[in-house]
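Take a look at the letters that make up each chain.
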Amino acid sequence: MPSIADLHLHSTISDGRLTPTALVDLAYAKGVRIMSLTDHDIVDGLTEAFDAASKYDDLTLIPGIEMSTDVPGNEVHINGHFIDWRDETFQGKLRHLQDSRLGRARKMVDRLVELGKPITWDAVQAFADGAVGRPHIALALVDAGHVASVNEAFDLYLSRTGPAYVERERLDPEDVVSLIQSVGGLATLNHPRELYAAGSLEALLERLKAAGLTGMEVYYQDYTPDEIVTYKALADRFGFLPLGGSDYHGLGNPQQRDPGDISLPIEPVNAYFDLARKSGSIRHARVAHS
Ligand code: AMP
Ligand code: ZN
Ligand code: FE
Ligand code: FE
């Protein structure tokens, strides 16, 4: 059953295919009434998203961000919600992350040239409006005819163990939780499937509990009912709110779900809002009039 809440969405400002305006309009048309734009390491889409949301009296928009962090052998993504995204110190740190993403993406283009799958930096940039990421490189690989799909680009070259992979600047999960909290935000651990499969989820949850994490994605994209039961039990055990989202990018991957096409119940979302009200960071959101 679709949800009226979707706390994890991407736009062209990172690696989504819809502008913030088109994303807000699509989410609303799909029945979403509580949404968050969570672009990768960047908040530059939020002004446009808030403008677009102002057309809809009954739409609540939470300012968000998805930040990439690392543990040995795995990437860990953490969403920040209700952030004071205009904070200048915060924006300075994000600019630094953007710069390091650019350097890393250029190195990946060099690796692909060495691997005999040449793409140009211009071709990558043609797909990127803001934060550059591997999906833009994947699209350039499809465009150049080296692979048939974005998924194939990841499978053959760009995944963490792929031959063209270059690491981002490494950040510890605790540092990212602190950064989110420094601008009043609440932090949620994203898509735990890979970490669970690697056997490293519980140790990470211990660390994140100590760091002040609030939620964990349980109702995510293509997660099965069995997976949801597993992750919900872990969230309950550690005292994290079971949250989630579609992680909609509009790239047309088989695992893609439309905005709101997840089974996220409203109760944990309401509890999340209660915490934001208590801390005062609710003021960074646009709350529906009705
Ligand atoms: P980056 O931030 O540049 O490391 O890119 C990470 C993004 O790439 C993720 O947020 C996903 O959108 C996308 N991604 C990662 N792995 C895959 C995959 N196997 N297939 C398709 N997209 C992926
Ligand atoms: Zn992404
Ligand atoms: Fe992610
Ligand atoms: Fe995401």
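It should be noted that the structure appears before, not after, this text.
Parameters at a glance
- Residues numbered from 1 in each chain as written.
- Chains lettered and ligands numbered in written order.
- Predicted model: local features only at pLDDT ≥ 70, side-chain atom pairs only at ≥ 80, totals over all residues.
- Heavy atoms only, no water.
- Helix = DSSP H or I, 4+ residues; strand = E, 2+ residues; numbered from the N terminus.
- Rg over C-alpha atoms; globule rule 2.2 N^0.38 Å.
- Buried < 20%, exposed > 50% of the residue type's maximum accessible area, 1.4 Å probe, protein only.
- Contact = heavy atoms within 4.5 Å.
- Areas by Shrake-Rupley, 256 points an atom, 1.4 Å probe, with all protein chains shown as cover.
- Lys, Arg positive; Asp, Glu negative; His and termini not counted.
- Charge placed at Lys NZ, Arg CZ, Asp CG, Glu CD.
- Salt bridge = Lys/Arg side-chain N within 4 Å of Asp/Glu carboxyl O.
- Donors = N, O, S within 2.8 Å, 3.2 Å for Na, K, Ca; no water.
- Tetrahedral: all angles 85-135°; square planar, octahedral: opposite > 155°, others 65-115°.
- Near = heavy atom within 4 Å.
- Polar contact = N/O pair within 3.5 Å; in protein donor to acceptor, adjacent residues only side chain to side chain.
- Nonpolar A, V, L, I, M, F, W, Y, C, P; charged D, E, K, R; others polar.
- Core = buried A, V, L, I, M, F, W, Y, C linked by side-chain atoms within 4.5 Å.
- Axes fitted to C-alpha atoms, helices over the stretch in contact; angles between N-to-C directions.
- Left-handed = near helix turned anticlockwise from the far one by under 90°.
- Phe/Tyr/Trp six-rings, centres within 6.5 Å; stacked < 30°, edge-to-face > 60°.
- Lys NZ or Arg CZ within 6 Å of the ring centre and 35° of its normal.

Participant: I would appreciate a short explanation of the overall build of the protein chain in the present structure.
Facilitator: A count of helices and strands for the protein chain gives 11 helices and seven strands. Taking 2.2 N^0.38 as the reference for a compact globule, 290 residues should give roughly 19 Å; the C-alpha atoms of the protein chain span a radius of gyration of 18 Å, in line with that estimate. A principal-axis box enclosing the C-alpha atoms of the protein chain has dimensions of 55 × 45 × 40 Å. Considering the protein chain as a whole, with its 290 residues, one finds that 55% of them fall into the buried category. Counting contacts in the protein chain only where the partners sit at least 6 residues apart, residues at least 24 apart contribute 75% of the total. Accessible surface, the protein chain: about 12,000 Å² in total, of which carbon and sulfur atoms supply 51%. Charge separation in the protein chain, taken as the distance between the mean sites of 27 positive and 42 negative side-chain charges, equals 2 Å.

Participant: I'm lost on the pattern of salt bridges in this one. Help?
Facilitator: If charged atoms from side chains of opposite charge come close, those side chains can pair. Across all of its chains, the model carries 18 salt bridges by this definition. With its nearest N and O atoms 3.0 Å apart, the salt bridge here joins Arg-277 to Asp-274. Of the two residues, Arg-277 and Asp-274 both sit in helix α11 (residues 266–279), three residues apart, roughly one turn of that helix. Here Arg-277 falls in the partly exposed class, since its relative accessible area comes to 47%. The network of salt bridges with common partners includes Asp-70, Glu-75, Arg-134, Arg-160, Glu-167, Arg-168 and Arg-170.

Participant: What is the right way to look at the coordination of the iron ion (ligand 4) in this model?
Facilitator: In an ideal octahedron of six donors the angles at the metal are 90 or 180 degrees, and in an ideal tetrahedron of four donors they are 109.5 degrees. Donor atoms from the polypeptide that coordinate the iron ion (ligand 4) comprise His-8 (NE2), His-10 (NE2), Glu-66 (OE) and Asp-247 (OD), at 2.0 to 2.2 Å from the metal. If you look at the iron ion (ligand 4), its four donor atoms make angles of 78 to 165° with each other, and the shape they trace is irregular. Mapped onto the sequence, the residues coordinating the iron ion (ligand 4) show the spacing H-x1-H-x55-E-x180-D. Separation of the iron ion (ligand 4) from the zinc ion (ligand 2) amounts to 4.4 Å. You can see His-8 sitting in strand β1 (residues 5–9) and its partner Asp-247 sitting in the loop between β7 (241–245) and α11, a full 239 residues away along the chain. Accessibility classification places His-8 together with Asp-247 in one group, the buried group.

Participant: Any chance you could explain the site of ligand 1 here in plain terms?
Facilitator: His-40, Arg-101, Arg-104, Arg-134 and His-249 are the nearest of the 13 residues found near ligand 1. The side chain of Asn-151 places a nitrogen or oxygen atom 3.2 Å from a nitrogen atom of ligand 1. Between ligand 1 and His-249 there is a distance of 3.1 Å, counted from an oxygen atom to a side-chain nitrogen or oxygen. For ligand 1, the accessible surface in isolation is 500 Å², of which the surrounding protein chains cover 81%. Looking at the shell around ligand 1, the elements that each hand over two or more residues are α3 (88–114), α5 (134–143) and α6 (150–158). Across the shell around ligand 1, the residue classes break down as two nonpolar, six polar and five charged.

Participant: Just to check I follow, could you spell out the nonpolar core for this structure?
Facilitator: For soluble globular proteins, the rule of thumb is that nonpolar side chains tend to be buried together. Met-35, Ile-78, Phe-82 and Leu-189 are the most contacted members of the largest nonpolar core, which has 70 residues in total. Judged by nonpolar contacts, the second largest core, of 23 residues, contains Ala-105, Trp-121, Val-124 and Val-147.

Participant: Even after reading the chapter, I still don't get the coordination of the zinc ion (ligand 2), so can you show me in this structure?
Facilitator: All of the protein donors around the zinc ion (ligand 2) are Asp-15 (OD), Asp-15 (OD), His-40 (NE2) and His-249 (NE2); their distances to the metal are 2.0 to 2.6 Å. The sequence motif formed by the donor residues of the zinc ion (ligand 2) is D-x24-H-x208-H. For the pair the zinc ion (ligand 2) and the iron ion (ligand 3), the metal-to-metal distance amounts to 5.8 Å. Of this pair, Asp-15 sits in the loop between β1 and α1 (20–29) while His-249 sits in the loop between β7 and α11, placing them 234 residues apart in sequence.

Participant: So what exactly am I meant to see when it comes to the packing of helix α9 (residues 201–211) against helix α10 (residues 225–238) here?
Facilitator: Two numbers describe a pair of packed helices, the interaxial angle and the distance between the axes. Interaxial distance between α9 and α10 falls to 11 Å at its minimum, and their mutual angle equals 35°. The chirality of how α9 crosses α10 is right-handed. Across the interface between the two elements, Leu-201, Glu-202, Leu-205, Glu-206 and Lys-209 from α9 touch Tyr-231, Leu-234, Arg-237 and Phe-238 from α10.

Participant: So what exactly am I meant to see when it comes to the packing of aromatic side chains here?
Facilitator: How two aromatic rings sit relative to each other is given by the distance of their centres and the angle of their planes. Scanning the model with the defined rule gives eight aromatic pairs in all. Look at Tyr-28 and Tyr-56: their rings are 3.9 Å apart centre to centre, the planes differ by 10°, and that puts the pair in the stacked class. Here Tyr-56 lies in the loop between α2 (46–53) and β3 (60–71) and Tyr-28 lies in helix α1, a separation of 28 residues in the sequence. Among the residues examined, Tyr-28 registers a relative accessible area of 18% and is labelled buried. A relative accessible area of 16% means that Tyr-56 is categorised as buried. Ring geometry for Phe-50 and Trp-85: centres 6.2 Å apart, planes at 10°, overall stacked. One end of the pair, Phe-50, is in helix α2; the other, Trp-85, is in the loop between β4 (74–81) and α3, with 35 residues separating them in the sequence. Grouped by ring-pair contacts, the aromatic residues Tyr-196, Tyr-220, Tyr-223 and Tyr-231 constitute a single cluster. Against the face of Tyr-28 rests Arg-33, its NZ or CZ located 3.6 Å from the ring centre.

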